[in-house]
Amino acid sequence: MGAKQSSAHCRDKGPRRMALLRGRQPFSPWDDSLLSGKDPRALLKRGMRHVSFSLVTKGMTDIPDFLWGLSEVQKLNLSHNQLRALPPDVGKLSRLVVLNLCGNRLRSLPREISLLKSLKVLFVNMNCLTELPAELSACRSLEVLSLSHNCLAQLPASFADLSRLRKLNLSNNYFAHIPICVFALKELDFLHVGSNRLENIAESIQCLVSLQIFIAESNNIHSFPRSLCLLTSLELLNLNNNDIQTLPDELYLLCRLGRIAWNPMDKGLHISHNPLSKPLPELVEGGLEMLFSYLKDKKHN
């Protein structure tokens, strides 16, 4: 819609509509059909805990300008659109607690994301990210971060400062090793690094003392590190579809695993589709208790 058309349309909607548009770019046809003369704040949903705003599956290639004026928004869902960039104006939404950007075409995030000091949950999975800004580490309240299905091969060293992070999903990227900064995240209870290019798991994994769920399936990991056996809080350990031939004698220390698991959603030890040497395949078939007993006897003999 051109400027003259937009002005005429504003006159039809009256002075309140004119006040809303003053000082901004003309509406695109999409903006116009969304608002239909309403105050943008009328589109906010005020729940018991958060003020939310959702523009899911709208086919957007750009974010409407009015959004940056909705400073009270705490949950923002822009998932499953065609966004190629997140404007620096996102930093104006200083009250954001949850930001969902999954299923777009983003290649990067703006440095101004560092202004979101209240942000606790960030979903940027299923995009085209090749890098992340070091400034994201300024979001010290962040607890959940999903970066799966992107094109990432490294993380900024400053990510070690995300001391409250509890859940991190790095699956389906291009990581050749788990980034060193991850081992500084002492509060992590969930780490997913499946479907990357890992060939080993660093001994530093033992630093993640709060880890309860660790998924590293579908990589090219050659050995099961003994240091994993020190993570006695593990309830789900998934190493399916790797190149593991032997298991450490200390595996029995992971007593919270409970069982050999076959369903991807089940807690327990997932170790299928590995070239385990004999007699390990038969022991795995017999269950976790049989496997633990064998490894414990082997260690003490």
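Our subject is the structure that appears above.
What you see is a predicted model; the values in this text were computed from it and never measured. Each residue is numbered by its place in its chain's sequence as written, counting from 1. Since the coordinates come from a predicted model, pLDDT governs what is reported: local features require at least 70, and pairs of side-chain atoms require 80 or more to be given and counted, while whole-chain, interface and lining totals use all residues. Excluding hydrogens and water, the side-chain values take into account all heavy atoms of the structure.

Can you tell me about the overall build of the protein chain, naming the residues and giving the values?
When you go through the protein chain residue by residue, the secondary structure sums to five helices and 11 strands. Type-normalised accessible area, obtained with a 1.4 Å probe on protein chains alone, sets the label of each residue: buried when under 20%, exposed when over 50%, and partly exposed for intermediate values. Considering the protein chain as a whole, with its 301 residues, one finds that 48% of them fall into the buried category. The contact definition used throughout considers only heavy atoms, calling two residues in contact when any of these lie within 4.5 Å. Summarising the internal contacts of the protein chain: among those between residues at least 6 apart in sequence, 32% fall at separations of at least 24. The accessible surface values rely on the Shrake-Rupley method and a 1.4 Å probe; as for residues, cover is taken only from the protein chains in view. For the protein chain, the accessible surface area stands at approximately 14,800 Å², while carbon and sulfur atoms represent 49% of it. Secondary structure is summarised from DSSP: a helix means a run of H or I of at least four residues, a strand means a run of E of at least two, and numbering begins at the N terminus for each.

Account for the sheet that holds strand S4 (residues 98–100), with residues named and values stated.
Paired strands, in this sense, are two strands between which DSSP finds at least two bridges. The mixed open sheet is built from 11 strands, whose spatial order is S1-S2-S3-S4-S5-S6-S7-S8-S9-S10-S11. Taken across any chain shown, the strands that pair with only one partner, and hence form the sheet edges, are strand S1 (45–46) and strand S11 (268–270). Both S4 and strand S5 (residues 121–123) contribute to a ladder of three bridges, which runs parallel. Across the sheet, residue Val98 finds its bridge partner in S5, namely Val121.

Residues and numbers for the nonpolar core, please.
Side-chain atoms within 4.5 Å are what join buried Ala, Val, Leu, Ile, Met, Phe, Trp, Tyr and Cys residues into a set we call a nonpolar core. Counting residues in hydrophobic clusters, the biggest one holds 82 residues, and the most contacted among them are Phe214 and Leu291. The greatest single-element share of this core, amounting to four residues, is contributed by helix H5 (residues 288–300). Two domains each put at least three residues into this core: domain 1 (40–130 + 145–153) and domain 2 (165–300). In contact with Phe214, other than residues within four places in its own chain, are Ile178, Leu191, Val193, Ile201, Ile205, Leu228, Leu234, Leu236, Leu237 and Asn238. Boundary definitions for the domains trace back to an automatic or database domain assignment.

I'd like to hear about the side chain of Asn219, residue by residue, with values.
Secondary-structure assignment places Asn219 in the loop between strand S9 (213–215) and strand S10 (236–238). The exposure class assigned to Asn219 is buried, which follows from its relative accessible area of 11%. N or O atoms closer than or at 3.5 Å make up a polar contact, with two conditions inside protein: a donor-capable atom paired with an acceptor-capable one, and, for residues adjacent in sequence, both atoms drawn from side chains. Polar side-chain contacts of Asn219 include one of 3.1 Å to the backbone nitrogen of Leu198. Among the polar contacts listed, one links the side chain of Asn219 to the backbone oxygen of Ala216, at a separation of 3.1 Å. Apart from the residues within four sequence positions on either side, Asn219 is in contact with Val193, Gly194, Ser195, Asn196, Arg197, Leu198, Asn241 and Asn242.

Account for a positive patch on the surface, with residues named and values stated.
Candidate patch residues must exceed 30% relative accessible area and have no salt bridge, after which like charges are joined if within 9 Å and Val, Leu, Ile, Met, Phe, Trp or Tyr side chains if within 5 Å. Between Lys or Arg on one side and Asp or Glu on the other, a salt bridge is scored when a side-chain nitrogen of the former is within 4 Å of a carboxyl oxygen of the latter. His is not counted, nor are the chain ends, whereas Lys and Arg count as positive and Asp and Glu as negative. Where a charge lies is defined by one atom per residue type, namely NZ (Lys), CZ (Arg), CG (Asp) and CD (Glu). Together, Arg49, Lys75, Lys120 and Arg164 give the surface a local cluster of positive charge. Mapped onto the elements, Lys75 comes out in strand S3 (residues 75–77).

Can you explain the environment of Lys167? Please cite residues and give values.
In this structure, Lys167 sits in strand S7 (residues 167–169). Given the relative accessible area of 31%, Lys167 is considered partly exposed. The spacing of Lys167 and Phe190 is 23 residues in sequence and 4.7 Å in space, taken between C-alpha atoms. Setting aside its immediate chain neighbours within four residues, Lys167 contacts Glu143, Val144, Leu145, Leu188, Asp189 and Phe190. Within the local environment of Lys167, its side chain forms a polar contact with the side chain of Asp189, the two groups lying 2.9 Å apart.

Please provide a residue-by-residue account of the side chain of Ser171, values included.
Looking at the element boundaries, Ser171 is found in the loop between S7 and strand S8 (190–192). We classify Ser171 as buried; its relative accessible area is 4%. A polar atom in the side chain of Ser171 sits 2.7 Å from the side chain of Asn169. Excluding anything up to four places from it in sequence, Ser171 contacts Leu147, Ser148, His149, His192, Val193, Gly194, Ser195 and Asn196.

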